[in-house]
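Read off the chains here:
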Amino acid sequence: MTDSSDDSSDETATPVDADDTSDGISKRTLIRLLVGFGIGIPLLVEGLTFLGLLEQQFGGGGDAERTSTATDTAESGVAVGDDLLPETDRSETLASAVLREVGGDRWPLSLTVEVDNSGDTDYEFQLLTLHLDDDRTVGGRSSTDRLDPGERRVITAEWSIPAGATPRAVDVVALIYPDGEDAVETIERRVELAKVPVRGG
Amino acid sequence: MAYVDDFPTDARIVRWNMAVAFLALGVGGLFGMIQALHRTGIFRGFVSSADYYTVLTGHGVLLALVFTTFALCGLFTWGVTRSLDRPLPSPRFTLSWFVLMLVGAIIAAVTILGGLVPSMPFSADVLYTFYAPMQAHPAFYVGLVLFVVGSWLAGVDWFRAYWQWRKDNPGERIPLQTFMVLTTMLMWYISSAGVAVEVLFFLLPWSLGLIQNVDPLLTRTLFWYFGHPVVYFWLMPAYFIWYTVLPKLSGGRLFSDPLARVVFVLFLLLSTPVGFHHQYVDPGIPEGFKFIAMTNTMFLLLPSLLTAFTVVASMEHGARQRGGEGRLAWLRKLPWDEPAFAGCALAGLMFAAGGFSGMINAGMNINYLIHNTLWVPGHFHLTVGTASALTFMAAGYWLFPQITGNRLRFRSLATIQPYVWFIGMTLMSNAMHRAGLAGVPRRTAEPQYDTVSFQGVVGGISEMRLQIAIGGTILFIGLVLFLIVIFGTWLGGDGNDAIRVNGSIPVPLSGPEHSPKILDNLKLWTAIAVVLIALAYGLPLWALVSDGLLAPGSPPIPV
Amino acid sequence: MEIHRYEKIWTAAALLLIVGFIATVTYGTVGAGVKMVDDSGGTVDAGSLGDTEFGDPGVTQVGENQYEVHVVARQFLFQPGTTSPIRVPANSEVTFYVTSADVVHGFEVAGTNVNIMAIPGQVAEVTVRFDDPGEYGIVCHEYCGAGHHTMAGQLVVVPEDEYEGGS
């Protein structure tokens, strides 16, 4: 089939079949609907954007507000070197926080805490559930077990978190054992963690 | 007599190429919707954020390489045989390149998808650009090599058909469709040399442990030597349809054959010596070479602007043949309810927008504002994602009846599908452009950071996210509609329908007899293209290799 | 070759547009003085950054209002920038030297036009004027592995009188 020059090929191939279109809508109405919405909606979207750009450039408050693109969260949360529970008179220092990217669906997060029982009575410190930024949690339990006064122990807790998730906070429990017959004083807190950078393989 | 009756063997190869293309489009498009929902935070249940990058690699490779190339092979096989009025010389040779491409694509795809299955030892989470030092499984690179070599052989097949025709037709002008095929493939041979060198001499041996290091900047430069012209490999088949089929769909004839030839020659000359515009903010490349790439890129606007004129002029001619009158009222006489026409026209319209956002990318120092932001995918979804993809879909509507012998099924779905695509793409791409201006990064599974908050330039960030998710979902619906029509048509008959579409193409208003013969001098244009590339790339590549082919070197880092 | 009159006009307009675009960009280069990242940063051995100025990344003052910041990008953090923000004073001229210790990363200061690639083996050098105080987020915008989307940091431009030295 070469290029042909006979007139019959000048017409478009399809005959004008008004009743071939859906539900008996006339061809004209169909085209109006298609083109009206199909091109109209995009033109509207682009037009609004264009007006927005003009307004931003010439109208608006000018560009006096050099808008900040940084958030305020950088300084909050417990970072490596900070105390996890400053309210106790014992120290629980976050010695390291390592999140490694490994192949597969789950990445290992390990938090190492140096607990120093500088108080007069026995003390225990536990790391429990880890909270992720999307409200998921990963269970776990790591404990110093009961520490004598003056004793110091380092514990490392590990959680296997979904790959790419961000650790947000960890549930900790501090148990202050009394001298006599009094009940154990329990402190339960959800401690917010500073950003733990992911380490590559 | 339909094409399938005149060229049964070639029709089969065209069908298979288009089938693979549209299957890849389906899987790649599904991945796209998953990405749109995931990165906007609307729904992250399909994959984890780490697996997002596997999906993204699949999306890029399946759509930007497999879909586009197989579609091109289907369209070009049809175009060459039709315009030369002879079948391809050797069905076995034709089958061999198709199988080679298919095997290569499957190997690459399986390697990529292995990243989703932890028990599989292979993966290729390196994205479609596979930058070193990130390393994929060696099978990924092998698959790519087979695929590209297969495409080279496809070009040889079409050249052989042309040489045979030339023996029987000395002194005649190359038929327009074949001319377009040959110039496109010459451009492809010149440009894919870059990625072939990158993969064969560097990445593949490096991934097998045969060499210790590669120079990341050198391999990246070789990729982008190829990475820009590949977009013309996607675009030229779309132009091929707009120039040779769209005028007929509009009811008329092509306005000018000579200008069409000029446009394709310009692409042959200018597509490759522009690659540095993808590396404007790379260290290690002197500014002078970036400036040259910028000027060359700006001149690449010319063939596209010329195309805009010719295509619109041809459509106007067709509309007036159908009774259109007035300065603009003739637009109403165009067959907007014909899916093949509507798809091509909307694709062309969207391409105009995409071309201009591309000029922003090309603007060297302006590029600082949007490099690697979401603006960039916003741009290329307009160009490859619509100009190419929607045109291929539109061509599918027109061609499938002719290559299967079945009438188009689900016609009402086909009628609305191009508009669905157009709306979905506008929503998604508009929001991507705006988000990019705010600095939101591309290629990121969760662009919501603890420490960074983006400031929208027009509209709020969360509103942009919603718009991307909605647009992406509408696009997926449009994709499903298309697949229903195409596979419904293919499988819905036995090849003996009386099809309504008429496959003949009228002669242009201004034919090849009006164009200088020199335009057909393919050897001349190829030589000039090579010279331009030597000027743009000779010195920079020399500078990169002069301190050592593999230095400064990096060992592989598997991802 | 006969060319329709409208087509000639269109082609001329197209060429004018193209030349106009080139002129705009050229003005940006020679008029406004916006330099592109180039090869002036030199090369390094990504495997032994410890032996270079990148061994101790951070901010150093090199002139009255001039500072240098050496940044190492690695999977998946900026050193400095991620665990503690990069701090420079307002009314200063800061030259960033950015490289990568492993794969290709990006370095984008959101809301500004500081937007460069960190390529192992290469040093990206870019000079920026910070006139006013402000806080900016830094994002890695080149895919660098499964933790890519966690890679971010901050740059704080401190009022001059509050500046106490680098990060």
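For every chain, the first residue of the written sequence is number 1, and numbering continues from 1 along that sequence. Written order decides the labels, with chains lettered from A and ligands numbered from 1. For this predicted model, a pLDDT threshold of at least 70 governs which residues receive local features, and a threshold of 80 or more governs which side-chain atom pairs are given and counted, while totals over whole chains, interfaces and linings are taken from all residues.

**Some thoughts on the overall build of chain B**
Regarding its fold elements, chain B presents 17 helices and two strands. Based on C-alpha atoms, the radius of gyration is set beside the globule rule, defined as 2.2 Å times the residue count to the power 0.38. Computed over C-alpha atoms, the radius of gyration of chain B comes to 23 Å, within 12% of the 24 Å expected from 2.2 N^0.38 for 559 residues, which places it in the range of a compact globule. Summarising its shape, the C-alpha atoms of chain B cover approximately 60 × 50 × 50 Å along the three principal directions. Taken over 559 residues, chain B has a buried fraction of 66%. Contact definition: two residues whose C-beta atoms, as placed from backbone geometry, lie within 7 Å. Expressed as a percentage of contacts within chain B between residues at least 6 apart in sequence, the contacts between residues at least 24 apart total 85%. Where helices and strands are cited, they refer to DSSP runs of H or I of at least four residues and of E of at least two residues respectively, numbered from the N terminus. Whether a residue is buried, exposed or partly exposed is read from the other C-beta atoms within 10 Å of its own C-beta, which are placed from the backbone; 20 or more gives buried, 12 or fewer gives exposed, and intermediate counts give partly exposed.

**Considering the overall build of chain C**
When you go through chain C residue by residue, the secondary structure sums to one helix and ten strands. Going from the N terminus to the C terminus, chain C shows its helices and strands as α-β-β-β-β-β-β-β-β-β-β. Since a compact globule built from 167 residues should have a radius of gyration of about 15 Å, the 20 Å found for chain C marks it as more spread out than a globular shape. Based on the C-alpha atoms only, the size of chain C along its principal axes is roughly 70 × 40 × 30 Å. Buried residues in chain C amount to 52% of all 167 residues. Long-range contacts, defined as pairs at least 24 residues apart, comprise 66% of the intrachain contacts of chain C with a sequence gap of at least 6.

**So, the interface of chain C and chain B**
How big an interface is tends to be stated in terms of the accessible area lost upon association of its parts. Between chain C and chain B, the residue contacts involve 53 residues of the former and 61 residues of the latter. Secondary-structure elements contributing two or more residues to the side of chain C that touches chain B are α1 (5–31), β6 (105–109), β7 (115–118), β9 (134–139) and β10 (152–158) of chain C. For the side of chain C that touches chain B, the element with the highest residue contribution is α1 of chain C, accounting for eleven residues. Gly is put with the polar residues, along with every residue not named as nonpolar or charged; the nonpolar set is Ala, Val, Leu, Ile, Met, Phe, Trp, Tyr, Cys and Pro, and the charged set is Asp, Glu, Lys and Arg. Split into classes, the residues belonging to the side of chain C that touches chain B amount to 26 nonpolar, 18 polar and nine charged.

**Regarding the sheet that holds β10 of chain C**
Residue and element names in this part refer to chain C. The five strands are arranged β4-β10-β9-β6-β7 in an open sheet whose pairing can be described as mixed. Two strands lie at the open edges of the sheet, namely β4 (86–89) and β7, each paired on one side alone. The average angle at which neighbouring strand axes cross in this sheet is 20 degrees, direction not considered. For two strands to pair, DSSP has to find at least two bridges joining them. Where β6 lies against β7, four bridges are found, and the strand directions are antiparallel. Axis geometry follows a simple rule: fit a line to the C-alpha atoms, using only the stretch in contact for helices, then measure angles between N-to-C directions, giving values from 0 to 180 degrees.

**Brief notes about the interface of chain B and chain A**
In this assembly, 43 residues from chain B lie in contact with 40 residues from chain A. Among the elements of the structure, α1 (3–6), α3 (49–84) and α15 (411–437) of chain B are those that each provide at least two residues to the side of chain B that touches chain A. Among the elements that line the side of chain B that touches chain A, the one with the most residues is α15 of chain B, at nine residues. Classifying every residue of the side of chain B that touches chain A gives 20 nonpolar, 15 polar and eight charged.

**Brief notes about the packing of helix α6 (residues 176–207) of chain B against helix α8 (residues 229–244) of chain B**
Residues and elements named next belong to chain B. As a packed pair, α6 and α8 sit with axes 10 Å apart at the nearest point and diverge in direction by 175 degrees. Judged by the inter-axis angle, α6 sits roughly antiparallel to α8. Judged by residue contacts, Leu 176, Gln 177, Met 180, Thr 184, Met 187, Trp 188 and Ser 191 of α6 engage Pro 229, Val 230, Tyr 232, Phe 233, Met 236, Phe 240 and Thr 244 from α8. Per-class residue counts for the contact of α6 with α8 are ten nonpolar, four polar and no charged. Roughly parallel covers angles under 35 degrees, roughly antiparallel covers those over 145, roughly perpendicular covers 65 to 115, and oblique covers all other angles.

**Structural notes on the environment of Gly 194 of chain B**
All names here are of chain B. With respect to the helices and strands, Gly 194 occurs in helix α6. Taking the C-alpha atoms as reference points, Gly 194 and Gly 227, separated by 33 residues in sequence, lie 8.9 Å from one another. Once residues within four sequence positions are removed from consideration, Gly 194 is found in contact with Leu 222, Tyr 225 and Phe 226.

**Considering the sheet that holds strand β9 (residues 198–199) of chain A**
All names here are of chain A. On the basis of which strands lie adjacent, the open sheet formed by four strands has the order β6-β2-β1-β9 and mixed pairing. Single-partner strands in this sheet number two, and they are β6 (152–162) and β9. Here two bridges tie strand β1 (residues 91–100) to β9, and the two strands are oriented parallel to one another. Looking at β9, one finds that Leu 99 is bridged to Val 198.

**So, the domain arrangement of chain C**
Where each domain starts and ends comes from a domain assignment, either automatic or drawn from a database. Along its sequence, chain C is carved into domain 1 (1–34) and domain 2 (39–162). In this structure, domain 1 of chain C and domain 2 of chain C have C-alpha centres spaced 37 Å apart.

**Some details on helix α14 (residues 375–404) of chain B**
Residue and element names in this part refer to chain B. Between its first and last C-alpha atoms α14 spans 40 Å; for 30 residues at 1.5 Å apiece the expected length is 44 Å, and the two agree. Roughly 40 degrees is the biggest bend found in α14, and it falls at Trp 398, with proline Pro 401 one to four residues downstream. Most of α14 sits out of view: 30 of its 30 residues are buried. Trailing α14 by a residue or two, Gly 405 shows a phi angle of about 80 degrees, which is positive. One less than the number of residues in a helix, times 1.5 Å, gives the span that helix is expected to have. Here the bend at a residue means the angle between the axes of two seven-residue stretches, the one that ends at it and the one that starts at it.

**Here's the deal with unusual backbone geometry**
Excluding glycine, a negative phi dihedral is what most residues carry, and trans is how most peptide bonds are arranged. Here the bond from Ala 551 of chain B into Pro 552 of chain B is cis, since omega is -10 degrees, no more than 30 degrees from zero. Following the sequence through the fold, Pro 552 of chain B ends up in the loop between α17 (522–546) and β2 (557–558). In this model, Gln 75 of chain C is joined to Phe 76 of chain C through a cis peptide bond whose omega is 0 degrees. Position of Phe 76 of chain C among the secondary structure elements: in the loop between β2 (66–74) and β3 (77–79). Of note, the phi angle at Asp 145 of chain A is positive, near 60 degrees, even though the residue is not glycine.

**Looking at α15 of chain B**
Residues and elements named next belong to chain B. Compared with an ideal rise of 1.5 Å per residue, which puts 27 residues at 39 Å, α15 spans 40 Å between its outermost C-alpha atoms and is within 8% of the ideal. The axis of α15 is deflected most strongly, by about 30 degrees, at Gln 417, and proline Pro 418 appears within four residues downstream. Across the 27 residues that make up α15, a large majority, 25, are buried. A positive phi of about 100 degrees marks Gly 439, the residue just after α15.

**Concerning the pairing of β4 of chain C**
Residue and element names in this part refer to chain C. Here β4 shows no split at all, with Ile 86 and Val 88 on one side and Arg 87 and Pro 89 on the other all buried. Relative to β10, β4 runs parallel, the two sharing four bridges. Bridge pairing links Arg 87 to Val 156 in β10.

**As for the environment of Trp 421 of chain B**
All names here are of chain B. Mapping Trp 421 onto the fold places it in helix α15. Taking the C-beta count within 10 Å as the criterion, Trp 421 has 29 such neighbours and is therefore assigned buried. In the structure, Trp 421 is positioned 59 residues away from Val 480 in sequence and 11 Å away in space, judged by C-alpha atoms. Contact partners of Trp 421, with chain neighbours within four places excluded, come to Leu 390, Leu 475 and Gly 478.

**Looking at the pairing of β10 of chain C**
Residue and element names in this part refer to chain C. Burial analysis of β10 places five of its seven residues in the buried class, which makes it a mostly covered element. Taken together, the six bridges between β9 and β10 define a ladder with antiparallel strand orientation. By the bridge assignment for β10, Gly 137 is matched with Gln 154.

**Some thoughts on the packing of α8 of chain B against α14 of chain B**
All names here are of chain B. Put simply, α8 and α14 touch, their axes get as near as 9 Å, and they point 40 degrees apart. In terms of axis orientation, α8 runs oblique to α14. Pair α8 / α14 crosses with left-handed handedness. Together, Val 231, Trp 234, Leu 235, Ala 238, Ile 241 and Trp 242 of α8 and Thr 383, Val 384, Ala 387, Ser 388, Thr 391 and Ala 395 of α14 make up the contact between the two elements. Considered class by class, the residues forming the contact of α8 with α14 number nine nonpolar, three polar and no charged. By definition, turning the near helix anticlockwise from the far helix through less than a right angle yields a left-handed crossing, and turning it clockwise yields a right-handed one.

**A short note on the environment of Phe 240 of chain B**
Mapped onto the secondary structure, Phe 240 of chain B falls in helix α8. As a C-alpha pair, Phe 240 of chain B and Gln 35 of chain B span 205 residues in sequence and 31 Å in three-dimensional space.

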